Amino acid sequence: MSELSVNHLLGIKYITEEDIQLIFETADRFKEVINRPIKKVPSLRDITIANLFFENSTRTRLSFELAEKRLSADVINFSASSSSVKKGETLIDTVNNILSMKVDMVVMRHPNPGAGVFLSKHINASIVNAGDGAHEHPTQALLDAYSIRERLGDVSGKNVVIVGDILHSRVALSNIFALQKLGARVKVCGPQTLIPKYIESLGVQVEGNLRKALEWCDVANMLRVQNERMDISYFPSTREYTQQYGLNKALLDSLDKEIVVMHPGPINRGVEITSDVADSKQAIILDQVQNGVAVRMAVLYLLASKIKRDED
Amino acid sequence: MSQKVLLNATEVHIALQRLACQLIENHDTFENTVFIGIQPRGIFLAERLKHLLETDYKIKDVQLGYLDITFYRDDFRRSDKTLEANTTNINFIVENKKVVFIDDVLYTGRSIRSALTAIQSFGRPDEIELLTLIDRRFSRHLPIQPDYRGRQVDAIGEEKVKVCWVENEGEDAVYLVSE
């Protein structure tokens, strides 16, 4: 087993446990690379990657761009706000126009779930999903699981609770798939209105009480309340949400064990997590960000190695 | 498949002793010298030489690092398989040091070309030398030659040179393997 079973990374659902382990082992190597005085390797010097962001993103885009540049790939960036998408061009047309400039890989974020899967059926390039609507965000799940592995030694057998807005979260869905494939047990915790109805069919238990969830878990992944995706009111007030589902130092210290606290960012300080928790030793939020670059380098490297060279 | 013994255990040990003495001639106290074992197969030879210098010649504290060259190779996407990386473990800076690259077999020279690029990530060495147990003559693709060689062999294209170590394969020996 030394190559990925897929040609695109569209979601964690479509890859195997072996794929995830291979990505982790490769990421270990890249983590060493990015801690060197010179952090760049020439592996992808003949690869061109287009970052297509049809939706806003700061850290994911920066992380991908840094990963691409550290692998010496040529990078072009595209964001929907400054493009012809506004003029009515279709997704396939937009992407095909970009690909005709000889692009080998596409990293795409799109507001519509399944945009990556759709595109993979119509174009001839390797696609990495950087988030599609409320569907999947595979590299985030990989870096989350990688960070758990780094901190706790293994993911298998660990109890992980994902807290907050599960309904609008692609991070939650990808995390559930990744953690389960790696042998962890997953619970979700949040207001009833923000827990999707089908969640139990994924083998995930729902816990309404944050304290109980924290007592059960080894790792708590605190998701951001995604106000921008909430067209209706899902809970009475932010204050009430914080009181019931916010993680504060007093609650954390009252547990009889040290759990690991994660957050995919950006943090709403004082809403889902207080500052003293976010900045505490138990939080691995900044490790997650650092690992994000290594994991994305691994994904791009492994996918790029499957692109066949043009016979010339 | 047939295989022929190029070096038996005694001959390997003699070669190692000679290589150690040649290193001492050029590096004296090894104060400013670092060994870099090229992954995956050069690390056994590098460890052996370090051990030999410490036990037989009382030269302590030779710095040794492992360098993986996978990400610097020039055949990425040219082979069918994904190139799998090994651990790089160099916890020192090579700036202004005398670096000795150590690998078991020198063949096309492409690995060493990659290593020359890779080592630059750890600083600018004063000089770089190459030590190899087996030098396959007439098979170089690049103008690279060893500074120290255990044995020079002539092997034709399809033949492979296999270096075995006690700690890995259970014996010290070098074989010429033909399909």
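Residues numbered from 1 in each chain as written. Chains lettered and ligands numbered in written order. Predicted model: local features only at pLDDT ≥ 70, side-chain atom pairs only at ≥ 80, totals over all residues.

Q: Tell me what's going on with the overall build of chain A, and back it up with residues and numbers.
A: Check the secondary structure of chain A and you find eleven helices and nine strands. At 19 Å, chain A has a C-alpha radius of gyration in line with the 20 Å of a compact globule built from 312 residues. In chain A, buried positions account for 46% of the 312 residues. Across chain A, every contact between residues at least 6 apart in sequence was considered, and the portion connecting residues at least 24 apart equals 76%. (Helix = DSSP H or I, 4+ residues; strand = E, 2+ residues; numbered from the N terminus. Rg over C-alpha atoms; globule rule 2.2 N^0.38 Å. Buried ≥ 20, exposed ≤ 12 C-beta atoms within 10 Å, placed from the backbone. Contact = placed C-beta atoms within 7 Å.)

Q: Go over the overall build of chain B, please, and point to the residues and values.
A: Counting its regular elements, chain B contains four helices and eight strands. Beginning at the N terminus, the succession of helices and strands in chain B can be written as β-α-β-α-β-β-α-β-β-β-α-β. Taking 179 residues into account, the globule formula puts the C-alpha radius of gyration at 16 Å, and chain B, at 16 Å, falls close to it. Principal-axis analysis of the C-alpha atoms places the extent of chain B at approximately 45 × 40 × 30 Å. Sorting the 179 residues of chain B into buried and exposed places 40% on the buried side. Within chain B, residue pairs in contact and separated by at least 24 positions form 69% of the contacts whose partners lie at least 6 positions apart.

Q: Which residues make up the sheet that holds strand S8 (residues 173–178) of chain B, and what are the values?
A: All names here are of chain B. On the basis of which strands lie adjacent, the open sheet formed by three strands has the order S1-S8-S7 and antiparallel pairing. Either end of the sheet is taken by a strand with one partner, and the two such strands are strand S1 (2–7) and strand S7 (160–164). In this sheet, neighbouring strand axes are inclined to one another by 30° on average, regardless of whether the strands run parallel or antiparallel. As defined by bridge partners, S7 adjoins S8 across five bridges and the pair is classed as antiparallel. (Pairing = 2+ DSSP bridges. Axes fitted to C-alpha atoms, helices over the stretch in contact; angles between N-to-C directions.)

Q: Before we move on, can you summarise the domain arrangement of chain A with the specific residues and values?
A: All names here are of chain A. What the domain assignment lists for chain A is domain 1 (12–136 + 292–304) and domain 2 (138–289). Its C-alpha centre places domain 1 at a distance of 25 Å from the equivalent point of domain 2. In this complex, domain 1 contributes 20 residues to the contact, which on the side of domain 2 involves 19 residues. Of all elements in the fold, only helix H1 (17–33), strand S4 (126–132) and helix H11 (285–304) reach the threshold of two or more residues within the side of domain 1 that touches domain 2. The element contributing the most residues to the side of domain 1 that touches domain 2 is H1, with five residues. For the side of domain 1 that touches domain 2, the class distribution of residues is nine nonpolar, five polar and six charged. (Domains from an automatic or database assignment. Nonpolar A, V, L, I, M, F, W, Y, C, P; charged D, E, K, R; others polar.)

Q: I'd like a rundown of the interface of chain B and chain A, residues and numbers included.
A: On the chain A side, the residues contacting the 18 residues of chain B number 17 residues. In terms of residue class, the side of chain B that touches chain A is built from seven nonpolar, six polar and five charged.

Q: I'd like to hear about the sheet that holds strand S6 (residues 148–153) of chain B, residue by residue, with values.
A: Strands in a sheet are paired, the pairing made by backbone hydrogen bonds, and the direction either parallel or antiparallel. Residue and element names in this part refer to chain B. Across the sheet, five strands lie side by side as S3-S2-S4-S5-S6; this open sheet has parallel pairing. Edge strands, defined here as strands with exactly one partner in the open sheet, are strand S3 (63–67) and S6. Direction aside, the axes of adjacent strands within the sheet are offset by 25° on average. Together, strand S2 (33–38), S3, strand S4 (98–106) and strand S5 (127–136) form the strand contacts of helix H3 (residues 110–118), whose direction differs from that of S4 by roughly 155°.

Q: Give me the environment of Lys40(A): which residues, what numbers.
A: Residue and element names in this part refer to chain A. By secondary structure assignment, the location of lysine 40 is in the loop between H1 and strand S1 (48–53). Between the C-alpha atom of lysine 40 and that of alanine 67, which follows or precedes it by 27 residues, the distance is 9.3 Å. Beyond its immediate sequence surroundings of up to four residues, lysine 40 is in contact with Arg70 and Ser72.

Q: An account of the environment of Phe24(A) is needed here, citing residue identities and associated values.
A: Residue and element names in this part refer to chain A. As for its placement among the helices and strands, phenylalanine 24 is situated in helix H1. According to the C-beta neighbour criterion, phenylalanine 24 is partly exposed, with 19 such atoms within 10 Å. Remark: the alpha-carbon pair of phenylalanine 24 and leucine 4, spanning 20 residues in sequence, is separated by 12 Å. If we ignore the near neighbours within four places in the chain, the residues touching phenylalanine 24 are Tyr146 and Arg149.

Q: Report on the confidence of the model for chain B, specifying residues and quantitative values.
A: With 100% of its residues at a pLDDT of 70 or more, chain B has an overall mean of 91. Here the predicted complex scores 0.90 on pTM and 0.81 on ipTM. (pLDDT = per-residue confidence, 0-100.)

Q: Pulling in residues and values, what's your account of H1(A)?
A: Residues and elements named next belong to chain A. Given a rise of 1.5 Å per residue, 17 residues ought to cover 24 Å, and the 25 Å separating the end C-alpha atoms of H1 matches this to within 8%. Among the residues of H1, those classed as buried are Asp19, Ile20, Leu22, Ile23, Thr26, Ala27, Arg29, Phe30 and Val33. Next to the buried residues of H1 lie helix H5 (138–152), helix H6 (170–181) and H11. (Expected span 1.5 Å × (residues − 1).)

Q: How would you summarise the pairing of strand S8 (residues 219–222) of chain A if you had to cite specific residues and measurements?
A: All names here are of chain A. Burial along S8 is two-sided: Val219 and Asn221 facing one way and Ala220 and Met222 facing the other are all buried. Across four bridges, strand S5 (residues 159–163) lies against S8 in parallel orientation. Across the sheet, residue valine 160 finds its bridge partner in S8, namely valine 219.

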